[in-house]
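Single-letter residue listing:
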Amino acid sequence: MKFELKAKLDRTFAKAKTVSSGRLFSRQLTYLVDSALTNLFLTSQKDLAIEGHICLIAIGGYGRMELSPYSDIDLLYLHDGELSDNQLSSLIGRINTYLYDNGKEVGHACRTIEESFLYLDTLESFHAILDSRFLAGSKDLYKKYQADFLKQLPQDRTTYYNEYKVGFLKKRIIDAYEPLLLSEPNIKIDPLGLRDIQFMYWTEKTGKPSDKIETGVFDYFFSGQTQPILAAYDFLLISRAALHIISGRKNDRLDLSLQGEVAEFLGFGNKNELKCLERFMSKFYKCQKDVYFFLGMYIEVKTKTYSEDSVRIFSNPDTLYEDTMNFFLDCQSEKIEPSRIALNELRFASNFLEEDYKNSKPVIDSFLKILNKRYNIGHLMTLMHECNILGKLIPEFGACSNFPLFSYHHQYTVDEHTLLILRELDKLESGTWEDAEVQGIYSSLEQREILILAILIHDAGKVKEGDHSQYGAELSIAVSERLGLTDNETELFRFLVAEHIAMSELSSKRDIYDPNLIKDFSKLFPNKNWLGLLYVLTIIDTKSVGRGVLTNWKKEILHALYELTYKAIEERDSETLSSENTLDGIRNYWIQKEGIHESIATQILTFTQKFKPQTFLSYNTPRKILHLFTNLVEWRNSGELIKLLTESEPAFLTISFFAKQNRDLLLYVSGCISSLGLNLVGLRQFESPDKEQIIQAQVTDSFGSGSIPETKITELKEMIMGCIRGKLNIEEIALTQTIWSLNPKVPKGMVEEMIKFSNDPRENFSILEIRLPDSLGLLFRILKAILSCPVNVIFVRIATSADYAYDSFYIQTLDGLRIDSTEILLQLKEKIYEAMHLQMNEGFLEINF
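The structure contained in this document is the topic of the report that follows. (Residues numbered from 1 in each chain as written. Predicted model: local features only at pLDDT ≥ 70, side-chain atom pairs only at ≥ 80, totals over all residues. Heavy atoms only, no water.)

With respect to the nonpolar core
Ranked by size, the top nonpolar core spans 187 residues in total, and within it Leu37, Leu75, Tyr145, Phe280, Phe328 and Met381 carry the most contacts. By residue number, the principal contributor to this core is helix α12 (residues 274-303), which donates 14 residues. Dropping the residues within four chain positions of it, leucine 37 is found in contact with Leu56, Tyr62, Ile73, Leu75, Ile95, Tyr98 and Leu99. Judged by nonpolar contacts, the second largest core, of 59 residues, contains Leu680, Ile755, Leu779 and Ile786. (Core = buried A, V, L, I, M, F, W, Y, C linked by side-chain atoms within 4.5 Å. Buried < 20%, exposed > 50% of the residue type's maximum accessible area, 1.4 Å probe, protein only. Helix = DSSP H or I, 4+ residues; strand = E, 2+ residues; numbered from the N terminus. Contact = heavy atoms within 4.5 Å.)

Next up, the structure:
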């Protein structure tokens, strides 16, 4: 039957749920394909009169008998050169067409034995033929292929490829700086996946006896301490098979949106329960760590970089506790890289460390010496963790092992993220961090060893529901007591853990140029050293969330918050007030630095004092105030409909818009910027006494850079003018996808949705915070909903991650006051729900209207 193979395979797919072995399942799929192709070949052989001249050989993954449900079928048509092109084409056409009709992709080669030597020029083709397996046809020809080709592979080519693979694995795994456990791993080709194991297998296969030619990965590792890697390989195979079945196609990327389904398919529980995902991913990561350790030992053996004595250093049970920590202390003191074989012995020894290990005074003393030396601390703690030693000493951190966060924003597990931060600290400690400002601040700080501990514990609270910062702070006190820290050290430790997201939250969700905000924030810090430690922690924590997360914009805004808070602490401590942005300070700057006549400076100051909101003077520097005023006058005299002024900052481009007062201008600006594929990260508007509008937008390109071509600015201006004149429909512009985006669709329920309203009695504005899954035109829709109510938006802070948008809107009544009216609040709530197409209270975890 034409489609019988597809039907048999489809029926077999369901067995992956009950067959716990990836090896057994993939072999069963292989047997089904083998049977179909053998029968078809034998029938064709008679029809085409080719018997004795050709044989069919499985190669690649099919040759290893490791088929996944939607794997390609790789075939070699080996002939003796006596067949015509028509005979060969007819045979290949029949078999390949049959496979295509049954939903299989085919890769094939048609060669003689002599021609096979010509196709060893790529690693992929070399590996493919290493997995040659006889299917049907001339056995004599296949035996000749084994003897004259497989056993005669060029030694220089084999040696070159094997040395390349060992070097590649060392650089990719052992020397890796970035975490290896990813939130969305590619099971086949990412670090510690199937391909890395196969690299070892292929390397070994070229040196094995001839009777091993047709065996697969498992047969090459049935010796020595190989049980963990075999179990890991088996689990990766069955996980890949489940992923193929659920995706309905060849797919090796274990995407967040599919992890729950794969976990349920493999029997880990209900896909809608977080524990199901945690159990599955924890086992997945454990398998990858088993691969990591085996691979490390393998590379040391291959490169002959280990000492026979290194495997005996943990053999004395009476000194085991001290030996484990002194091993790392010695490595730090002597600045040597520990043997991977020794680390594996240490990993084995960790099974015999009891609960009292964490209270052992010799162990703690050695650990504190390592902290105080600070040299290579991130790398050493990474190795400690891999050997299960760090978690034994600090079980609060050990609980985070392999703990996934199921977030597009967080690219690594909690433990891998934490260790990456510590490796960033290594760069700071060595003076090689990429940002000179951050490096300078770090180098001036004291009590840096406490920062190390804070990093270790800062996310430990995520294993428990609720406020992870507060739970982590509680854990820090327990750790402090065990380590014997002083009261001051304990308080600093607790503070850094409890407040580790404070600067990130404040800078991304609030107007940091609000003097009251900065004054309140500065009260958190007893001194500038504590501020510096928290700032450095925030920077390297943000960077270590994932590649590209610490954008230039985030660095810039965090540094601005640090500088403003530092200044506030100085003023508080010296009980003096800075005059730079007082009225006299602004006026004096203009006179002394800009050469403005006193009377004119006074007139400009009187005019700008009347801007709404009054933060116009505190937000902008004296230079910027004068610059904006000058351009406002120039625009007013030009008669233009609108004026755009751009100013490049290190991390973004500030675009100032000058126009007649127009309530919809905010919508035009936000909608048009978004439609051009630009990112809006901040938005602020002011109104002059003459009802003129100034909107300041902070913009980056899609890569987080402020380098935006002038053509884009011109296009933006034309679009906004078209909207003002009524020639363009802002709804169509803002809600139409015009730029291709790689952003993934966020699964429902992943984002904790929220609308929150808050008032500070000292302020004349109210704050509306909204957290929602990011979507096309989200900011535009929210702004439109807000502006349909009797309120003004004076400032917007936009913080978008890979998962969600968290936008904060500073709003006032039309009279410039904070919003105390219940009627207006309820109207805002109704309009926002309507704009988000949600039922009342659907999905929202916090609504404080």
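Notes on the packing of aromatic side chains
Here the distance between the centres and the angle between the planes together describe a pair of aromatic rings. Considering all chains together, one arrives at 31 aromatic pairs under this definition. Considering the side-chain rings of phenylalanine 795 and tyrosine 810, the 5.1 Å spacing of their centres and the 80° angle between planes classify their relative orientation as edge-to-face. With phenylalanine 795 in strand β11 (residues 791-800) and tyrosine 810 in strand β12 (residues 804-813), the pair connects residues that are 15 residues apart, well separated along the chain. Residue phenylalanine 795 shares its accessibility class with tyrosine 810, and that shared class is buried. Put simply, the rings of Phe117, Phe134, Tyr142, Tyr145 and Phe149 pair up and form one aromatic cluster. Over the ring of tyrosine 62 we find arginine 133; its NZ or CZ atom is 5.2 Å from the centre of that ring. Above the ring of tyrosine 177, the side-chain terminus of lysine 427 is found at 4.4 Å from the ring centroid. (Phe/Tyr/Trp six-rings, centres within 6.5 Å; stacked < 30°, edge-to-face > 60°. Lys NZ or Arg CZ within 6 Å of the ring centre and 35° of its normal.)

Describing the environment of glycine 671
Looking at the secondary structure, you find glycine 671 in helix α32 (residues 665-675). Sequence separation of glycine 671 and leucine 783 is 112 residues, and the distance between their C-alpha atoms is 9.8 Å. Sequence-distant contacts of glycine 671, defined by excluding residues within four places in its chain, comprise Ile730, Ile733, Ala734 and Phe780.

Describing helix α15 (residues 361-373)
Here α15 contains 13 residues, and its C-alpha end-to-end distance of 18 Å stays within 8% of the 18 Å for a straight helix at 1.5 Å per residue. Three or more residues of α15 are buried, namely Val363, Ile364, Ser366, Phe367, Ile370 and Leu371. What you see down the axis of α15 is that its buried residues fit within an arc of 165°, all on one side. Next to the buried residues of α15 lie α13 (320-334), α16 (377-386), α17 (390-393), α21 (448-457) and α22 (468-483). Following α15 by one or two positions, arginine 374 adopts a phi angle in the positive range, close to 65°. (Expected span 1.5 Å × (residues − 1). Arc of directions from axis to C-beta.)

Quick notes on the pattern of salt bridges
Where charged atoms from two side chains of opposite charge approach closely, those side chains can pair. Considering all chains together, one arrives at 46 salt bridges under this definition. Glutamate 386 is paired through a salt bridge with arginine 340; the nearest N and O atoms lie 3.9 Å apart. Of the two residues, glutamate 386 sits in helix α16 while arginine 340 sits in helix α14 (residues 340-349), which places them 46 residues apart along the sequence. Relative accessible area serves as the criterion here: at 16%, glutamate 386 is assigned to the buried category. For arginine 340, a relative accessible area of 7% corresponds to the buried category. With a closest N to O distance of 3.0 Å, glutamate 769 and arginine 510 form a salt bridge. With glutamate 769 in strand β10 (residues 766-773) and arginine 510 in the loop between α24 (502-509) and α25 (515-522), this pair connects stretches of sequence that are 259 residues apart. Judged by relative accessible area, which is 15%, arginine 510 ranks as buried. Among the charged side chains, a salt-bridge network with shared partners connects Arg64, Glu66, Asp131 and Lys205. (Salt bridge = Lys/Arg side-chain N within 4 Å of Asp/Glu carboxyl O.)

Things to note about unusual backbone geometry
Omega for the bond connecting lysine 612 with proline 613 falls within 30 degrees of zero, at -10°, which places this linkage in the cis form. Residue placement: proline 613 occurs in the loop between α29 (598-609) and α30 (615-619). Although it is not a glycine, lysine 691 sits at a positive phi angle of roughly 65°. Mapped onto the elements, lysine 691 comes out in the loop between β7 (679-687) and β8 (692-700). Exposure remark for lysine 691: the relative accessible area of 44% places this residue in the partly exposed category.

Quick word on the pairing of β8
Among the nine residues of β8, nine are classified as buried, and the element is accordingly described as predominantly covered. Residues Glu692, Ile694, Gln696, Gln698 and Thr700 line one face of β8 and the alternating positions Gln693, Ile695, Ala697 and Val699 line the opposite face, and both faces are buried. Where β7 meets β8, eight bridges bridge the pair, whose relative direction is antiparallel. Bridge assignment links glycine 682 to a residue of β8, and that residue is glutamine 698. Counting the residues in the hairpin turn of β7 and β8 gives four residues, including lysine 691, whose phi is positive at 65°. (Pairing = 2+ DSSP bridges.)

Some words on the sheet that holds strand β3 (residues 106-111)
Whenever strands of a sheet pair, they do so through backbone hydrogen bonds, lying parallel or antiparallel. Spatial ordering of the open sheet is given by β3-β2-β1-β4, a layout of four strands whose pairing is mixed. Of all strands in the sheet, those bounded by a partner on one side alone are β3 and β4 (133-137). On average, each strand axis in the sheet is tilted by 25° relative to the strand beside it, whichever way the strands run. Relative to β4, strand β1 (residues 54-58) runs antiparallel, the two sharing four bridges. By the bridge assignment for β4, leucine 56 is matched with alanine 136. Contacting β1, β2 (73-79) and β3, helix α4 (residues 85-101) crosses the sheet at an angle of about 165° to β2. Contacting β1, β2 and β4, helix α7 (residues 139-148) crosses the sheet at an angle of about 60° to β1. (Axes fitted to C-alpha atoms, helices over the stretch in contact; angles between N-to-C directions.)

Digging into the pairing of β10
Both faces of the sheet carry side chains from a regular strand, because those side chains alternate between them. With seven of its eight residues buried, β10 lies for the most part within the structure. Bridge analysis of strand β9 (residues 753-759) against β10 gives six bridges, and the strand direction is antiparallel. Pairing of isoleucine 755 across the sheet is with isoleucine 770, part of β10. Taking the residues that link successive antiparallel strands as the turn, the β9-β10 hairpin has six residues.

Looking at the packing of α13 against α14
Between α13 and α14, the least distance of the axes is 11 Å, while the angle of their chain directions is 145°. The two elements α13 and α14 meet at a crossing, and its hand is left-handed. Of the residues in α14, those touching α13 at Leu320, Thr324, Phe327 and Phe328 are Ala342, Leu343, Leu346 and Ala349. Looking at the contact of α13 with α14 residue by residue, the class counts come to seven nonpolar, one polar and no charged. (Left-handed = near helix turned anticlockwise from the far one by under 90°. Nonpolar A, V, L, I, M, F, W, Y, C, P; charged D, E, K, R; others polar.)

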